[in-house]
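# Fold and contact review
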Amino acid sequence: MQPLVKGRPQRLRGQPSLAGFHLSWGLLVNLLWALPALAQAEVPDSAPSLLLDSRAIRTPNLPPTLSVPPGARPATPPPVPQGATKAEELVAPQSPLEVRIERREGLSLQEALEIAVAQNPAVQQARLAVKRAEAGVALAQAAFAPTLSTRVNYQYSEPPAPGSGPSRPSHTLSASVLRLDYTAFDNGARAQNLKLAEEALRVAQLQLEQTLQTVKQAVANAYYDLQSADARVAISQAAVASSEATLRDAQARERAGVGTRFEILQAETELANNRQALLAAQNDQQLSRRRLAELLNFPSPTDVLAEEPVEPMGEWDLSLEETIVAAFAKRQELERQRRELEQAQARLRLAQASNGPQISLFASLDAANDFRADRNSFDVGYSVGANFNLTWFDGGRAEAQARQAEIDRQAAVSNFVGTRNEIQRSVEEAFLTLSSSRERIETAKVAIASAEESLRLARLRLQAGVGTQTEVINAEAALTTARGNLANAVIAYNRALTQLRRAIGSL
């Protein structure tokens, strides 16, 4: 920054002269003119970037379609360091521009599953639970190690003054320079605490696996919902186009004198109904896109498109009995119930050991000084010993904890049985649905071929004057129904296949 007034200022003595007055006035004017510049100079360097960011939000320039290459994971934000917090993560959008959908993602089912695994909040919470359980295991393991500490104590006291003179205050400084404590025997309490922590870690890991499978199943179902909505939109659009052609034919027949006003009204009614169905299908399509985008947890509002066609996604080679046995062997819920049973038994043993004998050892290097005038050095010594503790009566606390642990064990057994029955029921339902859907797909294909031929013949009959427009409208409705049945059968097949894969934990 250039100086406001060049040269060295002169020192004025006595009464101010006219030159000094002009000089002071000039300094004041220059200072007033420089205030805006000074204010701008004090703005931090980040201000221009904030202005640029706000302008970028107001005038987005995003490509219409951004596709993720197969097998690639989306870019995720860097992890937050331990102990750090990001306030912007807890701020809800404040402007309509921040929630406006400005980009589209065309995804396959596999890409959608990979994005969900990387970004879904439920999966992230399950991963954090695993890390927390790992810290719990480390905490339980630390109880087996000795502790080394330093303790310092300072005390100032002033005793009551005797009748013949003033009292003398005293200062005492004592310290355990090094103290070693070790629990030699605790009746198995530490071992049970470690067992509890290890079982909690395994439960958290199983919960993570279960959450991954559940989220994948939810994403797959949402993807199939979107495929179904897309199919309904396409079918409705075809029905509207066919109805428009029928209306044009009816109007042309009326102008030629071979048609009636009633046929035009019939065609207009059919067209209006098909347009209503198209609007409803388009609304369901938008809702399905938003549900899938919510599960994928994109950092910015995104419109998700299903790129895969509506077709069967594979075959199932196992029999019903083999599927049920595989589900019992691999399902995370059953293993988690077993681990919860182990936890309950460990809590029972811990409650039984809490009042048992405990032996701890200690060794300490001590120093003390009372700051008397005749002594200026510290007294140094050491001490070693052992402590024995046995609780004879605790008011029934250990017994109550044992009863709670026993109830938890019984609940774990009951939950295991209920979960096992639910898994078997879901496998049977999915297997039967898969079989019936496979047959429905074949019959729907035959129905579509027949409906297309019926519509073609109905139009030819109408053009030849031996048929009616009602036959054409009925054939159009039959074709629309057959197309919808095929799409519904394929979607139901894929849902059942996904449920079977989820049942054996291999989704």
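Preceding this section is the structure that the text describes.
Below you will find a few notes about this structure. The structure presented is a predicted model; accordingly, all values stated were derived computationally and were not measured.

Rules used throughout
Residues numbered from 1 in each chain as written. Predicted model: local features only at pLDDT ≥ 70, side-chain atom pairs only at ≥ 80, totals over all residues. Heavy atoms only, no water. Core = buried A, V, L, I, M, F, W, Y, C linked by side-chain atoms within 4.5 Å. Buried < 20%, exposed > 50% of the residue type's maximum accessible area, 1.4 Å probe, protein only. Helix = DSSP H or I, 4+ residues; strand = E, 2+ residues; numbered from the N terminus. Contact = heavy atoms within 4.5 Å. Pairing = 2+ DSSP bridges. Axes fitted to C-alpha atoms, helices over the stretch in contact; angles between N-to-C directions. Expected span 1.5 Å × (residues − 1). Salt bridge = Lys/Arg side-chain N within 4 Å of Asp/Glu carboxyl O. 1 Å grid on protein atoms, 1.4 Å probe; cavity = no way out; pocket = protein on both sides within 12 Å on 5 of 7 lines; lining within 4 Å. Points joined across faces, edges and corners; volume = space filled by probe spheres on them.

## Things to note about the nonpolar core
With 33 residues, the main nonpolar core has Leu107, Val219, Leu292, Leu296, Phe298 and Val304 as its most contacted residues. Counting residues per element, the ones that place at least two in this core are helix 4 (109-119), helix 5 (121-142), helix 6 (189-255), helix 7 (261-296) and strand 4 (302-306). Top contributing element to this core by residue count: helix 6, with 13 residues. The residues touching Leu296, leaving out its near neighbours within four places in the chain, are Leu107, Ala112, Ile115, Ala116, Gln119, Val219 and Val304. Listed in part, the 19 residues of the second largest apolar core include Ala327, Leu334, Leu500 and Ile504.

## Digging into the side chain of Thr211
Position of Thr211 among the secondary structure elements: in helix 6. Classification of Thr211 as buried rests on a relative accessible area of 11%. Leave out the neighbours within four places in its chain, and Thr211 touches Ala122, Val123 and Ala126.

## Some thoughts on the pairing of strand 3 (residues 170-185)
In terms of strand pairing, strand 2 (residues 147-157) meets strand 3 through 10 bridges, oriented antiparallel. Among the inter-strand pairings, Gln155 is bridged to a residue of strand 3, identified as Thr172. In this structure, strand 3 lies alongside strand 5 (residues 358-369), joined through 11 bridges in antiparallel fashion. Bridge pairing links Ser176 to Asp366 in strand 5.

## Considering the sheet that holds strand 2
Sheet strands pair by backbone hydrogen bonding; their relative direction is either parallel or antiparallel. Taking strand neighbours across the sheet as the criterion, the 4 strands line up as 2-3-5-6 in an open arrangement whose pairing is antiparallel. A single partner strand is all that each edge strand has here, and the edge strands are strand 2 and strand 6 (379-389). Pairs of neighbouring strands in the sheet enclose a mean axial angle of 20 degrees, with direction left out of account.

## Digging into the environment of Arg420
Tracing the sequence through the fold places Arg420 in helix 10 (residues 397-464). On the basis of relative accessible area, Arg420 is assigned to the partly exposed category, the value being 33%. Linking Arg420 and Ala327, residues 93 residues apart in sequence, is a C-alpha distance of 9.2 Å. If near-sequence neighbours (up to four positions away) are discounted, Arg420 is found in contact with Phe328 and Leu334.

## As for unusual backbone geometry
Of note, the phi angle at Asn187 is positive, near 65 degrees, even though the residue is not glycine. Of note, Asn187 is situated in the loop between strand 3 and helix 6. Note on Asn187: relative accessible area 31%, which makes it partly exposed. The phi torsion at Asn297 lies on the positive side, around 55 degrees, for a residue other than glycine. Within the element layout of this structure, Asn297 appears in the loop between helix 7 and strand 4.

## Examining helix 9 (residues 332-353)
Look at helix 9: 31 Å from first C-alpha to last across 22 residues, which is about the 32 Å you get at 1.5 Å a residue. Taken residue by residue, helix 9 has Gln332, Glu333, Leu334, Arg336, Gln337, Gln343, Ala344, Ala346, Leu350, Ala351 and Ala353 as its buried positions.

## Remarks on the pattern of salt bridges
All told, the structure shown has 24 salt bridges when counted by the stated rule. The partner of Arg339 in a salt bridge is Glu199, with the nearest N and O atoms 3.4 Å apart. Of the two residues, Arg339 is situated in helix 9 and Glu199 in helix 6; the sequence distance between them amounts to 140 residues. Residue Arg289 is joined to Asp303 by a salt bridge in which the shortest nitrogen-to-oxygen separation is 3.4 Å.

## Focus on the environment of Arg289
Its location among the elements puts Arg289 in helix 7. The buried category is assigned to Arg289, whose relative accessible area is 9%. Once the C-alpha coordinates of Arg289 and Asp230 are considered, the two residues, 59 residues apart in sequence, prove to be 9.9 Å apart. The contacts of Arg289, once residues within four sequence positions are left out, are Arg104, Leu226, Asp230, Asp303, Val304 and Leu305.

## Looking at helix 11 (residues 469-503)
Here helix 11 contains 35 residues, and its C-alpha end-to-end distance of 51 Å stays within 8% of the 51 Å for a straight helix at 1.5 Å per residue. Looking one or two places after helix 11, you find Gly505, whose phi comes out positive at around 70 degrees.

## Observations regarding the layout of surface pockets
Approximately 230 Å³ is the volume found for the second largest pocket. Considering the residues around the second largest pocket, the lining is formed by 14 residues, among which Leu109, Gln110, Leu113, Arg501 and Leu507 are closest to the centre. Within the residue set of the lining of the second largest pocket, elements represented by two or more residues are helix 4, helix 6 and helix 11. In terms of residues, the lining of the second largest pocket owes the most to one element, helix 4, which gives 5 residues.

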